[in-house]
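# Chains, contacts and geometry: an overview
Spelled out, the chains give:
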Amino acid sequence: MDSIEGEHILAVILLTGELFYFLIILERAFSGNSNADSVVHYKLQHSIKTRYLRFVPLDWNTNGRIGMRVEAYGCTYESDVADFDGRSSLLYRFNQKSMSTVKDTISLKFKTIQSDGVLLHGEGQYGDYITLELVKGKLSLFLNLGDARIQSSESHTSVTLGSLLDDQHWHSVLIERFNKHINFTVDEHTQHFQTSGDFDYLDIDYELSFGGIPVPGKPGAFSKKNFHGCFENLHYNGVNIIDLAKRQKPQIFIVGNVTFSCTEPQIIPVTFVSTTSFLMVPCTPQRDGFSIRFQFRTWNSEGLLLSTRLYQGSGFLLLYLQNGKLKMIIYKLGKVQGEVSTGAALNNGQWHWVYCTAKRNQVSLTLDNDAATTVYASVQMHIYSGNSYYFGGCPVNHSQSICQNPVVSFQGCMRLFYVDHQEVDLMLLQQGLLGNFSDLQNDVCGIIDRCLPNYCEHGGECSQSWNTFFCNCTGTGYSGATCHNSIYEQSCEAYKHKGNPSGYYHIDADGSGPLKPFLVYCSMTDKAWTAVQHNNTELTKVKSSSRENPHTAIFKYTASIEQLEAAINHAEQCEQELAYHCKKSRLFNRPDDVPFAWWVGRANDTQIYSGKPVLGIQKCACGLEGNCIDTQHYCNCDADRNEWTNDTSLLSNKAHLPVTHVIITDTSRPNSEAAYKLGPLLCHGDRNFWNSASFNTETSYLHFPTFHGELSADVSFYFKTVATSGVFLENLGIKDFIRIELYSPTEVTFSFDVGNGPYEITVKSPTDLNDSQWHYLKAERNIKEAALQVDQISKKVQDDTSDGHIRLQLNSQLFVGGTASRQKGFLGCIRGLHLNGISLDLEERAKITPGVEPGCLGHCSSYGSLCHNEGKCIEKYNGFSCDCTYSAYSGPFCKNEVSAYLEAGASVIYNFQEYYSFSKNSSSHASSFYADRAFNKENITFLFRTTQTPSLLLYVNSYYKEYLSLTLSKNGSLQIRYKMDSDKVPDVANVNSRNLANGQLHHVTINREDEHLHVKIDQHLRAKFLLSSGRKFNALKSIILGKIIDDDGLDLEVLKANNHGFFGCLSSMKFNNIYPLKAALHHISSNSVVVIGRFSESNCGTLSTADSSSRETTHSLSDNSGSIDQGQPLDNAIRRDSAVIGGAIAVVIFVILCITAIAVRIHQHKGSYKNSEAKRVEHNDCADAALKSELNSQSIISETQREYFF
């Protein structure tokens, strides 16, 4: 700043703790300097203790450029400084041969313009060493505490901190070690870590070297590049090393030239800060060739470095960065005469030398003074220098004949310009005596490492340009600008209520929190079960264990204990089955004795209770129920019999699960044996997913502790309302705030302020949001952007372009459903509220808050559509369920096809009246009983697959000899016969279609109302018929699938089809509100169903491509970027259990063989179809058995034998 003039007032704002103080000094203003070089000093009368100091310029010198540089000096400061020239060092020699320490403290400050150099080093004969080294502008600490096994450079402990430390500014370093624990601090960044190896002591022989690593026996020789720069206040375990060196104490040996004052190198950098920045340096024209040399550093992969017009317009020579490479092009009359490139990744923020020379018709380009990088270009022209060189860019309104730029302007730093071997004096440039420039920062390199600290979360990889940074979230399981948002759901319950089927999924139990996602198996039954496997699911036998030599089984899960704890806490219920089989192997012996076997839970605490813990009682389940095999003992195994028995426990105390160890100590006696088997951890439900509260008045709200989301904040929840507006959530600070609001029936607003002024995002919905339906909302704010998403509407993202404050600092309570002013409160329900992955318990807080009620009914209004195929949505307090009673399908969402394989001769008979029996001649009785059972319409749907013709698909008869038959003719076409009057000839409807007996799955829909018949096959073929045999079906008797056993009185055509019956696949059969297949398969005890012949459940109805595709498609509300699965089941998930892996491989091979067999034989004779169907049935049975085995992992024991212990 050239000067500060005006009123005699200086305003200084002081910040101490969290209180602001405003200090007015009334005496006078502080005048600044009047030129660019002189320094003006002022000394305050009173000392000030503060965290921050703000300078307020009152006026600027009208005759100079605007700029200011201020240094604040504190109280008396003692400084010991040493200057190293890159060929020198200080050796601190110990009084004894070796120094062995368990605790070390090393502190120093340094500054340098060199990017590499060793700051300190020490080593011992047993492999101990410590090295502090500057590598490419970053400080690395290498440490080993004498582990001789660690030989390779990859094995030692190393930590790197800092960046751009070669900026000629002071940087502080502190190393604190206690045993293996290290605190490593560079400036304000600290990293805590532990060393490798088994030892706690650091043993250093003879000496510590500061500034380099001397080679023993070779004075002045060093094994690595030495440090070139200054040290200040270098202390090792309380010893002032530089002070000892200055006083020439014998403990210090000086190698080379070390001085005790810090010299300032006269290097003036310039910073190209914007796209309009450039530096023009004049040169002598018409020289035969030229040479240009300079250094640059940048984060941008593209940018113009140099543009010069050759003499008399003979062409241009351009140097620029492209994709991080240095490229040179020579133009003449718009045509490229020469083009070369060298280097890679030159946008790494390091200083790079560029040396370009031209002589006659040849140009050479060298990078970083490395001859190996030199490239040459020969051109068909003699090169003469022009009038000027443009560095970094071209003037804004320049002529193409003066300066050309094929890329973008350079943003970064340059220094040490040499033109024709003469250094350019940038001081003359600043004074306007040489060349020209625009939008430059002189005498400073303004490069900033925007990846320090690394704001990319969850292991995201940070990269940067001059103006911003980027996060690569690939492979992390997270998405967003800072890799903050998990791409996975938090539980199987969440996957289930998105309509996902059973399968392997990743879950992220704490959402955007620090815990990583992990793989589980989700079984989507009426409850969403989560199964987590471990490393030993087999029955394991134990012998020769005793109290002195116990057998200890350790169980490792596919997730960490912290991950499992988060998942267990979310779940409504968890359980794990532990079976103990024994032969002369006791468990508890007597209640007052030390047990012979026990297990350990996740908190590493010993547990000896049964499935239902009873404090202080060592009893198995049989002891609690009084049915042990020996009534004198409380466990079956404690009977100590020389025969096998067992005690089995179903552990269900969530606070102790999962089991991590099992200890057995009583198998060392003769004939003593035991075996144990631990099943997977099973949990169901998600307490947080349905956690909700109802806000009944506009002045009601819930309050929670302050939300801490300084750098990243995400809020997600479901809401439903009929109100037109209301505040969902608000948290305030002194100035900062965050608020999410329903602004209008179609608008949701997310607003916040981090100190740079209010920021707002609004999402508009195409439909009203106050429709009493559940709607999903997610808002996120990080230091790069803010985002808001509502339902499936495209996420709205706005970049945060402000360059000021980045931390969201809140200090009030968090208000949910209202505001601190009790205005604009929300009326309705909020559910599943998560802040940065942490769930807030709305229900518990609502129980003690007036105007708010826990829970919220009405889930079916939003989730009823998940109940498919006429399934009925049933309301529950926590969620809903689908009733599939009146559906041909089954499963949690009535989407699972109920399919069966019928072999030749098989018959399924569904009788309409199971409690009455009638003789064939009792038509009068039937007439009186079924007087009201006359049907004037039918709705029939089913799927089938066969290769047989003719075939009988469906036969429906009545007590009045009326019938309906569906058959496949010999040519494979569908024929429908209706006889609704016993005195009339039946109606025959031939549906002209392709051969339907082609082994493929076909979907048939038949609708009749009165005499109108509509037929649809495979969603494509549609046909209409007009019937004449009647309009009503009277007194229905039965529905028959497959062969008709009693074929008396059948029409000839029906009889021909019945001779062959049906063999193949039938699926999802529906006749009005009757589901004969489902009744035969799932209600075996029903008296209304009779099955004759070979008939078994199959998955043949699930092989439709369209059906499979629609069933497996999922819709995620999260950002689904990344390569990891995003809500899809993992069919080939890897598991650690070798037995499971082997079984999975066998199943995969078996499925491939089945599919191959089907593909080869699908168009062959009927016998081949039968074989492939049989294989499909077998595979289905195997798959079901495998799933049950995986989820239950139960030993083969009967329910009467099952007892409980632990």
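Structure first, text after, so check above.
Residues numbered from 1 in each chain as written. Predicted model: local features only at pLDDT ≥ 70, side-chain atom pairs only at ≥ 80, totals over all residues. Heavy atoms only, no water.

Before going further, it helps to examine the overall build of the protein chain. Broken down by element type, the protein chain carries 13 helices and 85 strands. In the protein chain, buried positions account for 52% of the 1206 residues. Contacts spanning at least 24 positions in sequence make up 68% of the contacts within the protein chain whose residues lie at least 6 apart. Total accessible area on the protein chain stands at roughly 56800 Å², and carbon and sulfur atoms take up 50% of it. (Helix = DSSP H or I, 4+ residues; strand = E, 2+ residues; numbered from the N terminus. Buried < 20%, exposed > 50% of the residue type's maximum accessible area, 1.4 Å probe, protein only. Contact = heavy atoms within 4.5 Å. Areas by Shrake-Rupley, 256 points an atom, 1.4 Å probe, with all protein chains shown as cover.)

Overall, the coordinates contain 16 disulfides when judged by the stated rule. Between the sulfur atoms of Cys574 and its disulfide mate Cys683 the distance is 2.0 Å. Every disulfide takes its handedness from the sign of the S-S torsion; for Cys574 and Cys683 that torsion is 110°, giving right-handed. In this pair, Cys574 is assigned in strand E45 (residues 573-583) and Cys683 in strand E51 (residues 681-684), connecting sequence segments 109 residues apart. (Disulfide = S-S within 2.5 Å.)

Here the residue pair Leu452 and Pro453 is connected by a cis peptide bond, since its omega of 0° sits within 30 degrees of zero. Relative to the helices and strands, Pro453 resides in the loop between strand E35 (440-442) and strand E36 (461-464). Following Thr949, the chain continues to Pro950 via a peptide bond in cis, the omega torsion being -15°. Relative to the elements of secondary structure, Pro950 occurs in the loop between strand E73 (937-945) and strand E74 (951-958). Positive phi outside glycine occurs at Asn237, with the angle close to 50°. Mapped onto the fold, Asn237 is located in the loop between strand E17 (228-236) and strand E18 (239-240).

Before going further, it helps to spend a moment on the pairing of strand E4 (residues 81-85). Side chains on a regular strand alternate between the two faces of the sheet. Most of E4 is tucked away: 4 of the 5 residues are buried. For E4 and E17, the ladder comprises 5 bridges, and the chain directions are antiparallel. Residue pairing in the sheet places Phe84 in a bridge with Gly229 of E17. Examined bridge by bridge, E4 and strand E20 (residues 258-259) share 2 bridges and lie antiparallel to one another. Paired with Asp83 across the bridge in E20 is Thr259. (Pairing = 2+ DSSP bridges.)

Time to look at the side chain of Glu232. Following the sequence through the fold, Glu232 ends up in strand E17. As a buried residue without a salt bridge, Glu232 has its nearest oppositely charged side chain in Lys109, at a separation of 4.4 Å. (Lys, Arg positive; Asp, Glu negative; His and termini not counted. Salt bridge = Lys/Arg side-chain N within 4 Å of Asp/Glu carboxyl O.)

Among all positions in helix H9 (residues 1052-1060), only Val1054, Ala1057 and Asn1058 are buried. Take H9 and look down its axis: the buried residues cluster within an arc of 105°, on one side only. Away from the buried face of H9 by more than 90 degrees, exposed residues Leu1052 and Asn1059 are located. Close packing links the buried residues of H9 with E74, strand E75 (963-968), strand E76 (974-979) and strand E82 (1036-1042). Looking one or two residues past H9, Gly1061 carries a phi angle of roughly 65°, positive in sign. (Arc of directions from axis to C-beta.)

Here we come to the sheet that holds strand E24 (residues 303-309). Neighbouring strands of a sheet are bound in pairs by backbone hydrogen bonds; such pairs are parallel or else antiparallel. Read from one edge to the other, the open sheet built from 7 strands follows the order E27-E26-E25-E24-E31-E22-E34, with strand pairing classed as antiparallel. The two strands at the open ends of the sheet, each matched to only one other strand, are strand E27 (335-342) and strand E34 (436-438). The mean angle between the axes of side-by-side strands here comes to 10°, regardless of whether they run parallel or antiparallel. In terms of strand pairing, E24 meets strand E31 (residues 388-391) through 2 bridges, oriented antiparallel. By the bridge assignment for E31, Ser307 is matched with Tyr390. (Axes fitted to C-alpha atoms, helices over the stretch in contact; angles between N-to-C directions.)

A separate point is helix H4 (residues 561-570). By the burial criterion, the buried members of H4 are Gln563, Leu564, Ala566, Ala567, Ile568 and His570. Considering only its buried residues, H4 is in contact with strand E41 (518-524), strand E42 (528-532), E45 and E51.

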